[in-house]
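A look at the structure
As a plain string of letters, each chain reads:
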Amino acid sequence: MKHKLIIIFNEQDLKMISESGQKVVIIRQTEHSAGNAMAWVCFNPSERNIIEWEDNDYSIYSSTSKIENITTIIKSHEEKAIPTIRYEYWDGPLTPPSKSSIYYASNFSNEFPQITLGLSQSIIVNGKTYSNYPINAFSVPFRQSIEMEPGNLISVLLRKNAVSSMLLPYDTNRIIVNYNQSPEYTILYEGDNRFKRIEG
């Protein structure tokens, strides 16, 4: 399913945002938090910004970047992610198999006793495609696994000195949009680092 987010700014606010060196930061919140926020994509806004992404189109990446606040994840390897198939038993015959939205990854590297693993996903911002940018990051020790389930919450905020694929501390000055309820939303910047939802 395709999702869309429209973000609207007025001309005066855009001038102030530009002068202060801030960018719009989009965060794709995942079900199992790693204790930090991943800047999925950062961009300089225009008056009307259209952000689109396709759900269920993920890759799993590995990285030797260490998970710390204010660090940028650089991917080493990447593969198309395939979700698991789940069978359930309810005191009778097994239910027909259903696709699970959980993705698994393990660290069996002889070279790295600890590796960073996570999901990546493409996003389109104002017609420009950002291919397979990380949406989360987990530090996984040798011979251990991680399960990752993409969530449907998108956070939007303004931040100075932010770049795409950067791990950030959580910021309370953000709006959270829940894509469980609708595939498309429009939000408006009200000034003073505040957004409000106007459609969706």
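Residues numbered from 1 in each chain as written. Predicted model: local features only at pLDDT ≥ 70, side-chain atom pairs only at ≥ 80, totals over all residues. Heavy atoms only, no water.

1. Let's talk about the overall build of the protein chain
Broken down by element type, the protein chain carries 1 helix and 20 strands. Taking 2.2 N^0.38 as the reference for a compact globule, 200 residues should give roughly 16 Å; the C-alpha atoms of the protein chain span a radius of gyration of 18 Å, in line with that estimate. The C-alpha extent of the protein chain, read off along each of the three principal axes, is 60 × 45 × 30 Å. Looking at the protein chain residue by residue over its 200 residues, the buried ones come to 44%. A fraction of 66% describes how many contacts in the protein chain between residues 6 or more apart in sequence connect residues 24 or more apart. By element, 47% of the accessible surface of the protein chain is carried by carbon and sulfur atoms, the whole surface being about 10,900 Å². Of the side chains in the protein chain, 19 bear a positive and 22 a negative charge, and the two mean positions are spaced by 3 Å. (Helix = DSSP H or I, 4+ residues; strand = E, 2+ residues; numbered from the N terminus. Rg over C-alpha atoms; globule rule 2.2 N^0.38 Å. Buried < 20%, exposed > 50% of the residue type's maximum accessible area, 1.4 Å probe, protein only. Contact = heavy atoms within 4.5 Å. Areas by Shrake-Rupley, 256 points an atom, 1.4 Å probe, with all protein chains shown as cover. Lys, Arg positive; Asp, Glu negative; His and termini not counted. Charge placed at Lys NZ, Arg CZ, Asp CG, Glu CD.)

2. Thoughts on the confidence of the model for the protein chain
Chain-level statistics for the protein chain give a pLDDT mean of 89 and a share of 90% at 70 or above. Mean pLDDT per element in the protein chain: strand β9 (residues 85-86) is the minimum at 63, and strand β4 (residues 41-43) is the maximum at 98. (pLDDT = per-residue confidence, 0-100.)

3. What about the sheet that holds β4?
Read from one edge to the other, the open sheet built from 4 strands follows the order β4-β2-β16-β18, with strand pairing classed as antiparallel. Of all strands in the sheet, those with a lone pairing partner are β4 and β18 (175-178), marking the two edges. The mean inter-strand angle of the sheet, taken between neighbouring strand axes irrespective of direction, is 20°. In this sheet, strand β16 (residues 150-160) lies alongside strand β2 (residues 22-30) in antiparallel orientation, the contact comprising 9 bridges. (Pairing = 2+ DSSP bridges. Axes fitted to C-alpha atoms, helices over the stretch in contact; angles between N-to-C directions.)

4. Examining the environment of P141
Looking at where P141 falls in the secondary structure, it is placed in strand β14 (residues 138-141). Put simply, P141 and P83 are 58 residues apart on the chain and 22 Å apart in space, counted from C-alpha to C-alpha. What P141 contacts, discounting residues up to four positions off in sequence, is N107, P113 and Q114.

5. A few points about the packing of aromatic side chains
Within a pair of aromatic rings, the relevant descriptors are the distance that separates the centres and the angle that separates the planes. According to the stated counting rule, one finds 8 aromatic pairs in the structure shown. Seen from their ring centres, W40 and W53 are 5.7 Å apart, and the 75° between their planes marks the pair as edge-to-face. Here W53 lies in strand β5 (residues 48-54) and W40 lies in the loop between β3 (37-38) and β4, a separation of 13 residues in the sequence. You can call W40 buried: its relative accessible area is 0%. Taking 5.4 Å as the distance between ring centres and 80° as the angle between the ring planes, the aromatic pair formed by Y130 and Y133 counts as edge-to-face. For Y133, a relative accessible area of 25% puts it in the partly exposed group. Grouping aromatic residues by their ring pairs yields a cluster made of W40, W53, Y179 and Y185. (Phe/Tyr/Trp six-rings, centres within 6.5 Å; stacked < 30°, edge-to-face > 60°.)

6. Remarks on the sheet that holds β3
Where strands meet in a sheet, backbone hydrogen bonds hold them as pairs that are either parallel or antiparallel. Spatial strand order, β3-β17-β7: 3 strands in an open sheet with antiparallel pairing. Pairing within the sheet leaves two strands with one partner each, and these edge strands are β3 and β7 (71-72). Inspection of the sheet shows β3 paired to strand β17 (residues 166-168) by 2 bridges, in the antiparallel sense. By the bridge assignment, A37 is partnered in β17 with L168.

7. Considerations on the pattern of salt bridges
What the rule picks out here adds up to 5 salt bridges. Its salt-bridge partner being D55, residue R28 comes within 3.3 Å of it at the nearest N-O pair. Taken as a pair, R28 in strand β2 and D55 in the loop between β5 and β6 (58-63) lie far apart in primary sequence, 27 residues in all. A residue is classified by how much of its surface remains accessible, and D55, at 16% relative accessible area, is buried. Put simply, K75 and E78 hold a salt bridge, and the shortest N to O gap is 2.9 Å. (Salt bridge = Lys/Arg side-chain N within 4 Å of Asp/Glu carboxyl O.)

8. Remarks on helix α1 (residues 11-19)
For α1, the full list of buried residues reads D13, L14 and I17. The buried side chains of α1 occupy one side of the element, clustering within an arc of 100° when seen end-on. Facing away from the buried surface of α1 by more than 90 degrees, the exposed residues are E11, Q12, K15, M16, S18 and E19. Packed against the buried residues of α1 are β2, β16 and β19 (184-191). For α1, the capping residue at the N-terminal end is N10, with a side-chain oxygen 3.1 Å from the backbone nitrogen of Q12. (Arc of directions from axis to C-beta. Polar contact = N/O pair within 3.5 Å; in protein donor to acceptor, adjacent residues only side chain to side chain.)

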